[in-house]
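The primary structure of each chain is shown beneath.
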Amino acid sequence: MTTIFHHFCENKHAFINPSDTTEKIDGFPEVCITTFSEGIIRKAAQGSAAKVIAHLYSANGAIPVYEIEYHKKKMGLFLSRVGAPACVAGLEEIIALGAKKIIQFGCCGVLDQSYVGNSIILPSSAVRDEGTSYHYCPDSEEISADPSSVEIAVQCLKKQDIPYIIGKVWTTDAIYRETPELIERRKKQGCIAVEMECSASLAVARFRNIPILQFFYGADNLDADAWEIRDLTDYGISHSGKYMALALECANAF
């Protein structure tokens, strides 16, 4: 950490840039919605007369980018891969295609059950316990969300009468290294949830000067004597309509 992540390079022109591999599309939707559940994406695409307008390519396969319409507004819809590096690569390529604003949502592990309950979580900041964000902004323990984006989400949640909380999250690269000691340390820092992409997504959005609005729903519970898997393996399908409705409202107001 000390020898690598403390030496941020401010040069915005990399040896390989997103525009070198991804060609901008005229008329590409300015606002794009993304989540990490393939099931939610598939269900949303099937129910909204979506059409494929592009693909994101990697050795893992091709990810379709859909165009959907909500309140006569065209929007993009695509799957984000799990984990900060893969997620950020997708965001970079979506921005290169022409996206100007991003709505990103997904599940998280709960660190403070008494506070979180069944509320939607709006991240106010994220602890940067991953490597990707350090290539997009100087080193710091945390990165803050844009208050104006958080406020838009708040207004949409109030409109739909959905309970919500605002708080700090912990972004980590290593889901199998969330030790009891680290969990307790993060809770003392004020973290109410843990996930894998928030801080890196905030960093690339800031670097590219693209606003991003994020929200999370609690899945598994780490605030117990033993891990409670709950509906983690459901990948959000059982409440996908609720989450997509909120994402669409946020995208419409963004």
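Cut-offs used in this document
Residues numbered from 1 in each chain as written. Predicted model: local features only at pLDDT ≥ 70, side-chain atom pairs only at ≥ 80, totals over all residues. Heavy atoms only, no water. Helix = DSSP H or I, 4+ residues; strand = E, 2+ residues; numbered from the N terminus. Contact = heavy atoms within 4.5 Å. Axes fitted to C-alpha atoms, helices over the stretch in contact; angles between N-to-C directions. Parallel < 35°, antiparallel > 145°, perpendicular 65-115°, else oblique. Left-handed = near helix turned anticlockwise from the far one by under 90°. Nonpolar A, V, L, I, M, F, W, Y, C, P; charged D, E, K, R; others polar. Phe/Tyr/Trp six-rings, centres within 6.5 Å; stacked < 30°, edge-to-face > 60°. Buried < 20%, exposed > 50% of the residue type's maximum accessible area, 1.4 Å probe, protein only. Core = buried A, V, L, I, M, F, W, Y, C linked by side-chain atoms within 4.5 Å.

S.K.: Looking at this model, I keep getting lost on the side chain of Glu92. Mind explaining?
M.R.: Within the secondary structure layout, Glu92 lies in helix 3 (residues 84-97). In this view, Glu92 contacts Pro18, Tyr136, Val204 and Arg208; residues no more than four positions away in its chain are not counted.

S.K.: Would you mind showing me how to read the packing of helix 5 (residues 147-159) against helix 8 (residues 240-253) here?
M.R.: When two helices pack together, their arrangement is given by the angle between the helix axes and by the axis-to-axis distance. Put simply, helix 5 and helix 8 touch, their axes get as near as 9 Å, and they point 130° apart. Put simply, helix 5 runs oblique to helix 8. You can see that helix 5 and helix 8 cross each other, and the crossing is right-handed. Seen from helix 5, the contacting residues are Ile152, Ala153, Cys156, Leu157 and Lys159; seen from helix 8, they are Leu246, Glu249, Cys250 and Ala253. Of the residues contributing to the contact of helix 5 with helix 8, the split by class is 7 nonpolar, no polar and 2 charged.

S.K.: Help me out: how do you make sense of the packing of aromatic side chains in this one?
M.R.: Describing an aromatic ring pair means giving the distance of the ring centres and the angle of the ring planes. The full count for this structure, using the stated rule, is 4 aromatic pairs. An angle of 0° between the planes, with centres 4.9 Å apart, marks the rings of Phe105 and Phe215 as stacked. Here Phe105 is found in strand 5 (residues 101-110), whereas its partner Phe215 is found in strand 10 (residues 212-221), with 110 residues between them in sequence. What makes Phe105 buried here is its relative accessible area of 0%. Measuring from ring centre to ring centre gives 5.4 Å for Tyr136 and Phe207, while their planes differ by 85°; the resulting arrangement is edge-to-face. Of the two residues, Tyr136 sits in the loop between strand 6 (120-129) and strand 7 (142-144) while Phe207 sits in helix 7 (residues 198-207), which places them 71 residues apart along the sequence.

S.K.: It is not clear to me how the nonpolar core should be interpreted in this structure. Could you clarify?
M.R.: By size, the foremost hydrophobic cluster in this structure holds 73 residues, and its most contacted members are Ile33, Ile94, Ile103, Phe105, Ile120, Ile121 and Phe215. Among all residues touching Ile94, those that are not within four sequence positions of it are Phe28, Cys32, Leu56, Val65, Phe78, Ala99 and Ile102. With 8 residues, the next largest nonpolar core counts Leu111, Trp170, Ile183 and Cys191 among its residues.

S.K.: Where do I start with the packing of helix 3 against helix 7 in this structure?
M.R.: One can describe the packing of helix 3 onto helix 7 by two numbers: an axis separation of 9 Å at closest approach and a directional angle of 30°. Here helix 3 is positioned roughly parallel relative to helix 7, judged by the angle of their axes. Between helix 3 and helix 7 the crossing geometry is right-handed. Here helix 3 contributes Ala84, Cys87, Val88, Leu91 and Glu92 to the contact with helix 7, which in turn contributes Ala200, Ser201 and Val204. Of the residues belonging to the contact of helix 3 with helix 7, the class tally is 6 nonpolar, 1 polar and 1 charged.

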